[in-house]
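# Secondary and tertiary structure notes
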Amino acid sequence: MSNVEKNVQGTRATLDKKTGDIAAMFDTVAKRYDLMNGILSLGRHIYWRKQTVAAVDAHPGQKVLDVAAGTGTSSEPFADAGVDVIAADLSEGMLEVGRKRRPDMTFVRADVTDLPFEDDSFDAVTMSYGLRNVADYPRALSELYRVTKPGGRIVVLEFSTPTFAPFGKVYKEYIMKAIPPVARAISSNPESYVYLAESIIDWPDQRTLAHKFAQAGWQDVKYRNLSGGIVAIHRGFKPQN
């Protein structure tokens, strides 16, 4: 039994994640992962993705690293716009689905805490829904900083803390009550979604996460709440030499 599965069966998920366990978990849900995202977000994931792509603001001729890209759905808008994008993920199962669906795109298996890329390689780095699943996310922010060119930017879309407290309470109840039955009906590994739901609740709020960006060296760090803070986009820049 993996550590993730042990956490699922316990009373709370923890942020003490093991890289191998996370990869194995996503391997098991790869085939229906995109479908589940659409259902559980009530379709809002399309809007969130568009806003993230706009925040990255990549243009043809630029190079973008999309980490935790999964099956590549978050990388597609860049590829379709003529941007040189690399879709990286820890889960080989997710990458396999992506390669079959988009053979024209570049998929690379990579651990965001130890990226297989040279310093100053990318004009922008981005990550959607993946940072909270990283065993050492401050280290991940530092690694992303390392591979970004001076003057380049980071954009992270992640579940966050609703800004209106009464709504936040309702939202947490929705997460814990709605996700498990939907996962049991659709997913090949419904227990993994219990972990994912609890990881959202345990995740730091917007200001705390912005501070972690700054500690990793990113400057001019700002965040934008979407859908009342259900998710937030954090953006920062690597200073020029």
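Numbers given for residues are sequential positions, taken from 1 along each chain in its written order. With the structure being a predicted model, the display of local features is reserved for residues of pLDDT at least 70 and the display and counting of side-chain atom pairs for 80 or more, all residues being used for whole-chain, interface and lining totals. For side-chain calculations, the full set of non-hydrogen atoms in the structure is used, while hydrogens and water are omitted.

### Here's the deal with the overall build of the protein
Helix and strand counts for the protein come out as 10 helices and seven strands. Exposure classes here rest on a 1.4 Å probe applied to the protein chains alone. A residue is buried below 20% of its type maximum, exposed above 50%, and partly exposed in between. Taken over 241 residues, the protein has a buried fraction of 52%. By the convention used here, residues are in contact when the closest approach between their heavy atoms is within 4.5 Å. If you take every contact in the protein between residues at least 6 apart in sequence, the share linking residues at least 24 apart comes to 69%. Helix and strand definitions follow DSSP, with helices as H or I runs of at least four residues and strands as E runs of at least two, each counted in order from the N terminus.

### Structural notes on the pattern of salt bridges
When a carboxyl oxygen of Asp or Glu is within 4 Å of a side-chain nitrogen of Lys or Arg, the pair counts as a salt bridge. Enumeration according to the criterion identifies 12 salt bridges in this entry. A salt bridge links Glu 76 to Arg 102; the shortest N-O distance between them is 3.2 Å. Linking Glu 76 in helix H5 (residues 76–80) with Arg 102 in the loop between helix H6 (92–101) and strand S3 (106–109), this pair joins segments that are 26 residues apart in sequence. Like Glu 76, the residue Arg 102 is buried in the burial classification. Each of Glu 76, Asp 80, Arg 101, Arg 102 and Asp 104 takes part in one network of salt bridges that share partners.

### A short note on the environment of His 234
Position of His 234 among the secondary structure elements: in strand S7 (residues 231–237). On a C-alpha basis, the gap between His 234 and Leu 157 in space is 6.5 Å, while along the polypeptide they are 77 residues apart. Excluding anything up to four places from it in sequence, His 234 contacts Ile 154, Val 155, Val 156, Gln 206, Leu 209, Ala 210, Phe 213, Lys 222 and Tyr 223.

### Remarks on the UniProt feature "binding site: S-adenosyl-L-methionine" (unreviewed entry) in the protein
Sequence positions flagged by UniProt for "binding site: S-adenosyl-L-methionine" (unreviewed entry) are, in local numbering, Thr 71, Asp 89, Asp 111, Val 112 and Ser 128. Judged by relative accessible area, which is 9%, Asp 89 ranks as buried. In this structure Asp 89 touches Ala 68, Ala 69, Gly 70, Met 94, Leu 95, Val 108, Arg 109 and Ala 110, once residues within four positions along its chain are discounted. Tracing the sequence through the fold places Asp 111 in the loop between S3 and strand S4 (122–128). UniProt positions are given in the numbering used here, feature names are shortened, and annotations may be inferred rather than shown by experiment.

### As for the packing of aromatic side chains
For any pair of aromatic rings, the description consists of the separation of the ring centres together with the inter-plane angle of the planes. Pairing of aromatic rings covers Phe, Tyr and Trp, the last through its six-membered ring, and needs centres within 6.5 Å; plane angles under 30 degrees mean stacked, over 60 mean edge-to-face, and all others mean tilted. For the structure shown, the criterion picks out five aromatic pairs. With a centroid separation of 6.1 Å and 85 degrees between ring planes, the pair formed by Trp 48 and Phe 159 is classed as edge-to-face. Of the two residues, Trp 48 sits in helix H4 (residues 45–56) while Phe 159 sits in strand S5 (residues 148–159), which places them 111 residues apart along the sequence. Assessed through its relative accessible area of 3%, Trp 48 is described here as buried. Taking the relative accessible area as the measure of exposure, Phe 159 reaches 16% and is therefore buried. A ring pair is formed by Tyr 145 and Trp 218, whose centres lie 5.2 Å apart and whose planes are at 85 degrees; its orientation type is edge-to-face. Taken as a pair, Tyr 145 in helix H7 (residues 137–147) and Trp 218 in the loop between helix H10 (206–215) and strand S6 (219–226) lie far apart in primary sequence, 73 residues in all. A connected cluster of aromatic rings, assembled from ring pairs, spans Trp 48, Tyr 129 and Phe 159. For Lys 238, the ring lying beneath its charged end belongs to Tyr 145, and the centroid distance is 4.9 Å. Charge-over-ring placement is defined geometrically: NZ (Lys) or CZ (Arg) within 6 Å of the ring centre, and within 35 degrees of the ring normal.

### Some words on the environment of Asp 89
With respect to the element layout, Asp 89 can be found in strand S2 (residues 84–89). C-alpha separation for the pair Asp 89 and Val 112, spaced 23 residues apart in sequence, amounts to 8.1 Å.

### A word on the nonpolar core
Counting 25 residues, the largest nonpolar core has Leu 65, Leu 131 and Leu 144 as its most contacted members. At the level of secondary structure, the elements contributing two or more residues to this core comprise strand S1 (63–67), S2, S4, H7, S5 and H10. Of all the elements, H7 adds the most residues to this core, at five residues. In this structure, Leu 144 is in contact with Leu 65, Val 67, Val 112, Leu 115, Val 125, Ile 154 and Trp 218, ignoring residues within four places of it in sequence. Judged by nonpolar contacts, the second largest core, of 19 residues, contains Val 85, Tyr 129, Tyr 171 and Leu 226. Put simply, a nonpolar core is a bunch of buried Ala, Val, Leu, Ile, Met, Phe, Trp, Tyr and Cys residues held in one set by side-chain atoms that sit within 4.5 Å of each other.

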